[in-house]
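Report on the structure
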Amino acid sequence: MKDMKTEYSVNSNVGKVRADKVNEDSYKHVRTDWEEIFVVCDGMGGHAGGAMASKVAVDSVVDYISKKKYSDARQVLSDALSFANIQILGTAKENPELKGMGTTACVLLVKDNKAYIAHCGDSRIYLYVAKKKRLYRLTKDHSLVQSMVDS
């Protein structure tokens, strides 16, 4: 099996809808001796809350995965997102002005020449195949609109 090569770039856009043009996105890439972790989160709940939620989520996911001994990558991704959610809820409880904050999350974990993904919300994960110059959508939104499309 050929070794997997990862290349990445990050671009963030506030979109067309927001009147205040404030970006609530956070992202992080970490390479350890045994894995590579990519996390992108898009905050919601007003600028202060959204920006804080996305930052807490990114930091929590990366810290959880990189400090945990695990054999099941899928389980550690699920546990890391649950851990991030607990951290966001705790931050909101300690800071009433952040009530209602939240974030989407997209996580890619590369370990042992395999890629694992996890996501929540309406942020998406795509695979770009350079040879074909094609972009493939790998995830489906967790949203009311998506559930209406599906039904």
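Above this text sits the structure in question.
Let us look at the structure shown here. (Residues numbered from 1 in each chain as written. Predicted model: local features only at pLDDT ≥ 70, side-chain atom pairs only at ≥ 80, totals over all residues. Heavy atoms only, no water.)

**With respect to the side chain of S123**
With respect to the secondary-structure elements, S123 resides in the loop between β5 (114-120) and β6 (126-129). Within the local environment of S123, its side chain forms a polar contact with the side chain of T104, the two groups lying 2.6 Å apart. Discounting chain neighbours no more than four positions away, the residues touching S123 are D42, T104, C106 and T139. (Helix = DSSP H or I, 4+ residues; strand = E, 2+ residues; numbered from the N terminus. Polar contact = N/O pair within 3.5 Å; in protein donor to acceptor, adjacent residues only side chain to side chain. Contact = heavy atoms within 4.5 Å.)

**What to know about the layout of surface pockets**
For the second largest pocket, the calculated volume is near 200 Å³. In terms of lining residues, the second largest pocket is bounded by 16 residues, among which A84, N85, I88, G102 and T103 are the most central. For the lining of the second largest pocket, the elements supplying multiple residues, two or more each, are α1 (47-67), α2 (73-94) and β3 (102-103). Broken down by element, the residue count for the lining of the second largest pocket peaks at six residues, all from α2. Of the residues assigned to the lining of the second largest pocket, the class counts are eleven nonpolar, five polar and no charged. (1 Å grid on protein atoms, 1.4 Å probe; cavity = no way out; pocket = protein on both sides within 12 Å on 5 of 7 lines; lining within 4 Å. Points joined across faces, edges and corners; volume = space filled by probe spheres on them. Nonpolar A, V, L, I, M, F, W, Y, C, P; charged D, E, K, R; others polar.)

**Topic: the side chain of H119**
Among the structural elements, H119 can be located in strand β5. Polar side-chain contacts of H119 include one of 3.4 Å to the backbone oxygen of K140. When neighbours within four sequence positions are excluded, H119 is seen to be in contact with L81, A105, C106, I125, T139, K140 and H142.

**Some words on the nonpolar core**
One recurring pattern in soluble globular proteins is that nonpolar side chains are buried together. Counting 26 residues, the largest nonpolar core has V39, V61, I65, V107 and L109 as its most contacted members. Once residues within four sequence positions are removed from consideration, V39 is found in contact with S26, Y27, K28, V58, V61, V62, C106 and V107. (Core = buried A, V, L, I, M, F, W, Y, C linked by side-chain atoms within 4.5 Å. Buried < 20%, exposed > 50% of the residue type's maximum accessible area, 1.4 Å probe, protein only.)

Nothing here speaks to function; it is geometry throughout.
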